[in-house]
Amino acid sequence: EKMISSGIINQSLKNHSLLGRVLLSYILFKMGMDKKLTFTYGENEKPYLKNSTAFFNISHSGDYVICSVSESEVGCDVQKMTQYKEKIAKRFFTVEEKAFLDKSDTPDEQFTKLWTMKESVLKKTGEGITGGLASVCFASCLQKNSFIEFGYHFKVWKLTDAYICVCSDSGNETLTEVNKE
């Protein structure tokens, strides 16, 4: 079983990149992997740890910063709740996904949830949004918060005003909230 751990911070700080690295260090420490870290960038500018077997991914939106750490490639995304924008849906979502959104009683929530699902898988594979958000279809998974699709495990959490999705090779995702006191 591969270990995976994710942490989220909800703080209104200006430097989300720095906070993401602090959160990464904290999670690695909690997982017993707290050695000196060297960051480098791979294909499509995906960051990784040069001297570690751990893989990570960081995302931020609004006041939220999330970091997921795993023993294999991992992708995560956090999105502050946003208004359903039909123009964006036409460009980045499949016909089936758009039809679901058009019929939904909560289109803003479903739009945000769907966006996090798409970004998490493209960040896991290292393609990022350049890989094409419309290239992956989640029409059959939109009612689920834990599922397997494309051979990957997905876990979705709804916060008060945001959605989080983690895409990994393992279904063992845990989410820990870390707040500055």
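You'll find the structure just up there.
Residues numbered from 1 in each chain as written. Predicted model: local features only at pLDDT ≥ 70, side-chain atom pairs only at ≥ 80, totals over all residues. Heavy atoms only, no water.

Engineer: How do you make sense of the side chain of Lys123 when you look at a structure like this?
Structural biologist: Inspection of the secondary structure assignment puts Lys123 in helix α4 (residues 107-124). Asp77 is the oppositely charged side chain nearest to the buried, salt-bridge-free Lys123, at an N-O distance of 4.3 Å. Of the polar contacts made by the side chain of Lys123, one reaches the backbone oxygen of Cys76; its length is 3.0 Å. (Helix = DSSP H or I, 4+ residues; strand = E, 2+ residues; numbered from the N terminus. Buried < 20%, exposed > 50% of the residue type's maximum accessible area, 1.4 Å probe, protein only. Lys, Arg positive; Asp, Glu negative; His and termini not counted. Salt bridge = Lys/Arg side-chain N within 4 Å of Asp/Glu carboxyl O. Polar contact = N/O pair within 3.5 Å; in protein donor to acceptor, adjacent residues only side chain to side chain.)

Engineer: What is the right way to read unusual backbone geometry from this model?
Structural biologist: Note: most residues except glycine have negative phi, and most peptide bonds are trans. A positive phi angle, close to 60 degrees, is found at Phe150, a residue other than glycine. The topology assignment puts Phe150 in the loop between β7 (146-149) and β8 (152-158). A relative accessible area of 38% means that Phe150 is categorised as partly exposed.

Engineer: Would you take a moment to explain the pairing of β7 for this structure?
Structural biologist: Two faces, one strand: in a regular strand the side chains alternate between the faces of the sheet. Pairing of β7 with β8, which is carried by 4 bridges, proceeds in the antiparallel orientation. Opposite Phe147, over in β8, you have Phe154 as the bridge partner. Count of turn residues in the β7/β8 antiparallel hairpin: 2 residues, of which Phe150 carries a positive phi of about 60 degrees. (Pairing = 2+ DSSP bridges.)

Engineer: Please explain the pattern of salt bridges as it appears in this structure.
Structural biologist: Side chains that carry opposite charge are capable of pairing whenever their charged atoms lie near each other. Tallied over the full model, the rule gives 6 salt bridges. Glu86 serves as the salt-bridge partner of Lys98, at 3.3 Å between the closest nitrogen and oxygen. Here the residue Lys98 occupies a position in helix α3 (residues 95-103), and Glu86 occupies one in helix α2 (residues 86-92), the gap between them amounting to 12 residues. The exposure class assigned to Lys98 is buried, which follows from its relative accessible area of 12%.

Engineer: Would you mind showing me how to read the nonpolar core here?
Structural biologist: A general trend in soluble globular proteins is that nonpolar side chains are found buried together. Counting residues in each nonpolar core, the largest one holds 21 residues, and the members touching the most others are Phe93, Leu101, Met117, Val121, Phe138, Phe147 and Phe154. For this core, the secondary-structure elements that each account for two or more residues are α3, α4, β8 and β9 (162-168). Sort the elements by how many residues they give to this core and α4 lands first, with 6 residues. When residues no more than four places from it in sequence are discounted, the contact partners of Phe138 are Glu97, Leu114, Met117, Lys118, Val121, Phe147, Phe150 and Phe154. Counting residues in each nonpolar core, the second largest holds 11 residues, with Leu23, Leu49, Ala54 and Val69 among its members. (Core = buried A, V, L, I, M, F, W, Y, C linked by side-chain atoms within 4.5 Å. Contact = heavy atoms within 4.5 Å.)

Engineer: Help me understand the sheet that holds β9 in this model?
Structural biologist: Strand order across the open sheet formed by 4 strands is β6-β9-β8-β7, with antiparallel pairing between neighbours. Strand pairing shows two members of the sheet lacking a second neighbour, β6 (75-80) and β7, which therefore form its edges. Strand-to-strand twist of the sheet, defined as the mean angle between neighbouring strand axes without regard to direction, takes the value 20 degrees. Along the sheet, α4 contacts β6, β7, β8 and β9; its crossing angle with β6, the most-contacted strand, is approximately 155 degrees. (Axes fitted to C-alpha atoms, helices over the stretch in contact; angles between N-to-C directions.)

Engineer: How should the layout of surface pockets be read in this particular structure?
Structural biologist: A water-sized probe, rolled over the atoms, reveals where empty space remains. Its boundaries defined by the atoms lining it, the largest pocket holds a volume of some 490 Å³. What lines the largest pocket is a set of 20 residues, among which Glu45, Pro47, Asn57, Ile58 and Lys123 lie closest to the centre. Only α1 (16-30), β2 (39-41), β4 (55-61) and α4 provide two or more residues apiece to the lining of the largest pocket. When residues of the lining of the largest pocket are assigned to their parent elements, the largest contribution, 5 residues, is made by β4. By residue class, the composition of the lining of the largest pocket is 7 nonpolar, 7 polar and 6 charged. There is about 160 Å³ of room inside the second largest pocket. For the lining of the second largest pocket, the leading source of residues is strand β3 (residues 47-49), giving 3 residues. Of the residues that constitute the lining of the second largest pocket, the class distribution is 6 nonpolar, 4 polar and 3 charged. (1 Å grid on protein atoms, 1.4 Å probe; cavity = no way out; pocket = protein on both sides within 12 Å on 5 of 7 lines; lining within 4 Å. Points joined across faces, edges and corners; volume = space filled by probe spheres on them. Nonpolar A, V, L, I, M, F, W, Y, C, P; charged D, E, K, R; others polar.)

Engineer: Whenever I open this one, the packing of aromatic side chains confuses me. Can you help?
Structural biologist: For any pair of aromatic rings, the description consists of the separation of the ring centres together with the inter-plane angle of the planes. Under the criterion given, the structure shown has 9 aromatic pairs. Between Phe92 and Trp115, the aromatic rings sit 5.6 Å apart at their centres with planes inclined by 85 degrees, giving edge-to-face as the arrangement. A residue pair is termed long-range when its members are at least 10 positions apart, and Phe92 in helix α2 and Trp115 in helix α4 qualify at 23 residues. A relative accessible area of 14% places Trp115 in the buried class. With centroids separated by 5.2 Å and ring planes inclined at 80 degrees, the aromatic side chains of Phe138 and Phe154 adopt a geometry described as edge-to-face. With Phe138 in the loop between α4 and β7 and Phe154 in strand β8, this residue pair connects regions lying 16 residues apart in the sequence. Of the two residues, Phe138 and Phe154, both sit in the buried class. The structure contains a cluster of three or more aromatic residues connected by ring pairs, namely Tyr84, Phe92, Phe93, Phe111 and Trp115. (Phe/Tyr/Trp six-rings, centres within 6.5 Å; stacked < 30°, edge-to-face > 60°.)

Honestly, it's all geometry; don't read function into it.
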